[in-house]
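Coordinate analysis (summary)
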Amino acid sequence: MFTPIRIGSRGSQLALWQANHVLEALRATGHSAEIEVIRTTGDRMQSSDFVPPPEIDGKGIFIKEIEEALAEGRIDLAVHSLKDLPTRLSPRFTLTAIPKRADARDVWVCEPYWALHTLPLGGSIGTTSPRRKAQLLSLRPDVAFVDVRGNIDTRLRKLAAGECDALVLAAAGLDRLGRTEWVHQRFSPEELCPAPGQGALAIETRSGSHPIDEARDLFVAQAIAGLDHSETRFCVEVERIVLDALGGGCSLPVGVHCLPAFEGWRVFAQVIAPDGESMVAIDTEAPASIESESLGQRIADDLKSRGALELLTPSVI
Ligand SMILES: NCc1[nH]cc(CCC(=O)O)c1CC(=O)O
């Protein structure tokens, strides 16, 4: 009745793996689908010659062109790494399915030194993430950082070439690409709390209020509804509400991780000064009956009452 469902994806190996994962799931339920590769501002920034225009503030740089394709009807849905999505979505779009989350943890990738505590004094870690830098400094104030950018294989190649001693990457990316031989230490959320949404995928579609073709959009929404995992959705909603309440954006040194626990939920959160010297941390439980909105707000209020905002903007004090 309809032409194949068009899945929009970035062209990186990880993005294509993720888009293929959704493609396979659609095919398994009898749907025909195809992938449309879209180059984003974020991808161009990773190739060294591209200087971003000043209006680009880092939020949503991996999704802008994909959302344009969605809005114009060139694709029917987009598959994203949830942690790359800004906390606030335009009302034109909606997260129709959030599939079951993979391993949300960050991992230590380093050949001779198999754990962070065995890295020699002053060793260098290749990361540009303010969250990872602050967390690593809180555990090892002596480490140095090197800007290692690019997709996962590029970073692994730079590590192998000796540009840095170690990397810290998301377990989900390495697991999905089958690069598990590189994984030694997986950090617990108490040690190095993952980014909100890390390890989860988001399937974004046009909102029901902004259809291109109402019948087709409904058909697409129904085709992917079965991929939604309610427990994962609850957890990432909590994590994103906390991040949003603290100012949003992947450039904040904020880790939040929610997971199912005995008869309810457990939430870890860390807000760390960029130099790693001070931290506000939370490890708490909540009953199964709580709404994600109130749990997220409770955690955010708790972090703020302990000084989290002052840690994020030290110049204000
Ligand atoms: N910001 C890049 C990015 N976006 C999603 C992942 C990994 C996969 C995931 O967290 O779902 C990565 C790489 C990394 O942080 O190591």
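These numbers come from a predicted model, not from an experiment.

With that settled, the discussion passes to the sheet that holds strand 11 (residues 254–261). Spatially, 11-12-13 is the arrangement adopted by the three strands of the open sheet, whose pairing is antiparallel. Of all strands in the sheet, those with a lone pairing partner are strand 11 and strand 13 (279–287), marking the two edges. Strand-to-strand twist of the sheet, defined as the mean angle between neighbouring strand axes without regard to direction, takes the value 10°. When strand 12 (residues 264–272) meets strand 13, the two strands line up antiparallel, connected through nine bridges. Paired with valine 271 across the strands is valine 280, a residue of strand 13. Sitting on the sheet, helix 8 (residues 230–245) touches strand 11 and strand 12, and the angle it makes with strand 11 is about 150°. Sheet strands in contact with helix 9 (residues 292–305) are strand 12 and strand 13, and its direction is about 150° off that of strand 13.

Under the domain assignment used here, the protein contains domain 1 (5–100 + 200–228), domain 2 (106–186) and domain 3 (236–312). Across the contact, ten residues belong to domain 1 and eight residues belong to domain 3. Where domain 1 packs against domain 3, one counts one salt bridge. In this structure, arginine 88 engages aspartate 244 in a salt bridge whose closest nitrogen and oxygen atoms are separated by 2.8 Å.

The subject of this paragraph is the site of the ligand. As a structural note, the neighbourhood of the ligand is formed by Leu14, Ser81, Lys83, Asp84, Arg132, Leu169, Ala170, Gly173, Arg176, Gln198, Gly199 and Ala200. Aspartate 84 is positioned such that a nitrogen or oxygen atom in its side chain is 3.0 Å from a nitrogen atom of the ligand. Relative to its free-state accessible area of 400 Å², the ligand is covered by the protein chains to the extent of 87%. Contributions of two or more residues to the shell around the ligand are made by strand 8 (166–170) and helix 6 (171–176). Residue classes in the shell around the ligand are distributed as four nonpolar, four polar and four charged. Here the shell around the ligand spans two domains, since at least three of its residues come from each of domain 1 (5–100 + 200–228) and domain 2 (106–186).

Thresholds applied
Residues numbered from 1 in each chain as written. Predicted model: local features only at pLDDT ≥ 70, side-chain atom pairs only at ≥ 80, totals over all residues. Heavy atoms only, no water. Pairing = 2+ DSSP bridges. Helix = DSSP H or I, 4+ residues; strand = E, 2+ residues; numbered from the N terminus. Axes fitted to C-alpha atoms, helices over the stretch in contact; angles between N-to-C directions. Contact = heavy atoms within 4.5 Å. Domains from an automatic or database assignment. Salt bridge = Lys/Arg side-chain N within 4 Å of Asp/Glu carboxyl O. Near = heavy atom within 4 Å. Polar contact = N/O pair within 3.5 Å; in protein donor to acceptor, adjacent residues only side chain to side chain. Areas by Shrake-Rupley, 256 points an atom, 1.4 Å probe, with all protein chains shown as cover. Nonpolar A, V, L, I, M, F, W, Y, C, P; charged D, E, K, R; others polar.

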